[in-house]
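# Structural overview
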Amino acid sequence: MTSTNKIVGLLIGISLQSFIAIESRAEDTTSCLFNGQQRLCRVEVSGDDLTLRLEDNRTIEVQRRGRCTDRRKEGITTRSCNVRIGLPDDFVYGLIVRSSQDGTTISSPRLEIKLPELAL
């Protein structure tokens, strides 16, 4: 393989990786339950990370920390990850559970966010 072919192959590989990264980002407006209170929010998903934009323009960043656990039982897939939840004026550590049936739940000791329409 010539050096030109290697460079072209490398550029194609980088382009594909960039396309996959862009393609994995999706943003939808959905119903969110914050500690049982219903609100509308926009959700941006990038892999295991989420960004929630609330009606009042507050933003909550959910970033995966460490490994995730995947389970499959009776046709239902569940993915659990430890996360850092960046609140508008603070941050806490918690857990995100994404289910193919029940949607997504983000929880910490004092916060629970349910996104029933955001399935795995």
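Report follows, based on the coordinates. (Residues numbered from 1 in each chain as written. Predicted model: local features only at pLDDT ≥ 70, side-chain atom pairs only at ≥ 80, totals over all residues. Heavy atoms only, no water.)

## Details of the overall build of the chain
A count of helical and extended segments in the chain gives one helix and eight strands. Seen in sequence order, the chain has helices and strands lined up from the N terminus as α-β-β-β-β-β-β-β-β. Going through the 120 residues of the chain one by one, you find that 28% of them count as buried. Of the contacts formed within the chain by residues at least 6 apart in sequence, a portion of 26% connects residues at least 24 apart. A total accessible area of about 8200 Å² is found for the chain, and carbon and sulfur atoms account for 50% of it. (Helix = DSSP H or I, 4+ residues; strand = E, 2+ residues; numbered from the N terminus. Buried < 20%, exposed > 50% of the residue type's maximum accessible area, 1.4 Å probe, protein only. Contact = heavy atoms within 4.5 Å. Areas by Shrake-Rupley, 256 points an atom, 1.4 Å probe, with all protein chains shown as cover.)

## What to know about the pattern of salt bridges
Scanning all chains against the criterion turns up five salt bridges. One salt bridge connects Glu44 with Arg53, and the closest N-O pair in it is separated by 3.8 Å. In this structure, Asp56 engages Arg58 in a salt bridge whose closest nitrogen and oxygen atoms are separated by 2.9 Å. Given the relative accessible area of 46%, Asp56 is considered partly exposed. Within this structure, Asp48, Arg64, Asp70 and Arg79 form a network of salt bridges that share partners. (Salt bridge = Lys/Arg side-chain N within 4 Å of Asp/Glu carboxyl O.)

## A closer look at the state of the cysteines
Across all of its chains, the model carries two disulfides by this definition. Here Cys32 is linked by a disulfide to Cys41, with a sulfur-sulfur distance of 1.6 Å. Accessibility assignment for this pair places Cys32 and Cys41 in one class, buried. When the cysteines of the chain that form disulfides are numbered from the N-terminus onward, they connect as 1-2, 3-4. (Disulfide = S-S within 2.5 Å.)

## Here we look at the environment of Arg110
You can see Arg110 is positioned in the loop between β7 (103-108) and β8 (111-115). Arg110 sits in the exposed class, given a relative accessible area of 78%. As a C-alpha pair, Arg110 and Gly94 span 16 residues in sequence and 9.7 Å in three-dimensional space.

## Focus on the packing of aromatic side chains
On inspection of all chains with the given rule, the structure shows one aromatic pair. Measuring from centroid to centroid gives 5.6 Å for Phe91 and Tyr93, while their planes differ by 85°, and the two rings are edge-to-face. Note on Tyr93: relative accessible area 52%, which makes it exposed. One residue, Arg39, lies across the ring of Phe34, its end atom 5.6 Å from the ring centre. (Phe/Tyr/Trp six-rings, centres within 6.5 Å; stacked < 30°, edge-to-face > 60°. Lys NZ or Arg CZ within 6 Å of the ring centre and 35° of its normal.)

## Some words on the nonpolar core
By size, the foremost hydrophobic cluster in this structure holds 20 residues, and its most contacted members are Leu50, Ile106 and Leu115. Counting residues per element, the ones that place at least two in this core are β1 (25-34), β2 (37-46), β3 (49-54), β4 (59-73), β5 (76-86) and β8. Not counting the four nearest positions on each side in its chain, Leu115 is found in contact with Thr30, Ser31, Cys32, Cys41, Val43, Leu50, Leu52, Gly103, Thr104 and Ile106. (Core = buried A, V, L, I, M, F, W, Y, C linked by side-chain atoms within 4.5 Å.)

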